[in-house]
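# Descriptive structure summary
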Amino acid sequence: MITSETSRERKIIMKPIDLIKVLIADDHDLTCLGLKTLISQQPHCQVVGIAVNGQQAIDLAKSCQPDVIILDVRMPILDGHSAAIQIKQFDTHVRIIAYSSLANLPMEKNNQTTAFDLYCCKDISSQDLIKAIDDLGKLAQSDKSQFRRVG
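Attention in this report is confined to the structure presented alongside it. (Residues numbered from 1 in each chain as written. Predicted model: local features only at pLDDT ≥ 70, side-chain atom pairs only at ≥ 80, totals over all residues. Heavy atoms only, no water.)

### Here's the deal with the overall build of the chain
Scanning the chain from terminus to terminus reveals four helices and five strands. The buried share of the chain, reckoned over its 151 residues, is 42%. Considering only contacts within the chain whose residues lie at least 6 apart along the sequence, 67% involve residues at least 24 apart. For the chain, the exposed surface amounts to about 9,400 Å²; the carbon and sulfur share of it is 54%. (Helix = DSSP H or I, 4+ residues; strand = E, 2+ residues; numbered from the N terminus. Buried < 20%, exposed > 50% of the residue type's maximum accessible area, 1.4 Å probe, protein only. Contact = heavy atoms within 4.5 Å. Areas by Shrake-Rupley, 256 points an atom, 1.4 Å probe, with all protein chains shown as cover.)

Spelled out as structure tokens, the structure:
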């Protein structure tokens, strides 16, 4: 079939951009507020929940199904590392950022039972944190997409 449409008449069909869903888990109100404000200003990101302890992070991860979790390492009720391990047991595609003021945190990466995908100190620049969220969010969405097609 021959059509007479010109390039100007063709409509470009683009896939809508999936928002990167972010869960914040930190027991300090000011940190949560700062992260929420920063992430909410990004047109491609959406804060889907805020947890104030590790157990709440697990519960919200189940209900909100985030792509990325920013998880404080030291929290009450359940620490970030234990929460991350439990979250990865029911959602292997979620990406978890260990977010801490501890200077020696990267040394924990050698632990084989870690469930963190990235370690960053709380003094990370806003730009670097957003880039990390973007990169990890795209990986999580890609993994979830491939899993849906295959499974």
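### Brief notes about the packing of aromatic side chains
All chains considered together, the criterion is met by one aromatic pair. Each ring, one from Phe 116 and one from Tyr 119, has its centre 5.5 Å from the other, and the planes form 75°; the classification is edge-to-face. This pair shows no difference in class: Phe 116 is buried, exactly as Tyr 119 is. Its guanidinium or amino end placed over the ring of Phe 90, Lys 62 lies 5.3 Å from that ring's centre, counting from NZ or CZ. (Phe/Tyr/Trp six-rings, centres within 6.5 Å; stacked < 30°, edge-to-face > 60°. Lys NZ or Arg CZ within 6 Å of the ring centre and 35° of its normal.)

### Brief notes about helix 3 (residues 80-90)
Taken together, the buried positions of helix 3 are Gly 80, His 81, Ala 83, Ala 84, Ile 87 and Lys 88. Here the buried residues of helix 3 occupy an arc of 155° about the axis, which is enough to place them on one side. Next to the buried residues of helix 3 lie helix 2 (54-64), strand 3 (68-72) and strand 4 (95-100). Where helix 3 starts, the residue carrying a side-chain oxygen 3.0 Å from the main-chain nitrogen of His 81 turns out to be Asp 79. (Arc of directions from axis to C-beta. Polar contact = N/O pair within 3.5 Å; in protein donor to acceptor, adjacent residues only side chain to side chain.)

### Some words on the side chain of Asp 72
Structurally, Asp 72 is set in strand 3. With sequence-adjacent residues up to four places away left out, Asp 72 is seen in contact with Ala 25, Asp 26, Asp 27, His 28, Gly 80, Tyr 99, Ser 100 and Lys 122.

### As for the packing of helix 2 against helix 3
The geometry of a pair of packed helices is captured by two quantities: the angle between their axes and the separation between those axes. Taken N-terminus to C-terminus, the directions of helix 2 and helix 3 make an angle of 15°; their axes are 9 Å apart at the nearest point. As summarised for this structure, helix 2 and helix 3 are arranged roughly parallel, according to the angle between their axes. Judged by the twist between their axes, the crossing of helix 2 over helix 3 is right-handed. When helix 2 is examined against helix 3, the residues Gly 54, Ala 57, Ile 58, Ala 61 and Lys 62 are found in contact with a partner set consisting of Ala 83, Gln 86, Ile 87 and Phe 90. (Axes fitted to C-alpha atoms, helices over the stretch in contact; angles between N-to-C directions. Parallel < 35°, antiparallel > 145°, perpendicular 65-115°, else oblique. Left-handed = near helix turned anticlockwise from the far one by under 90°.)

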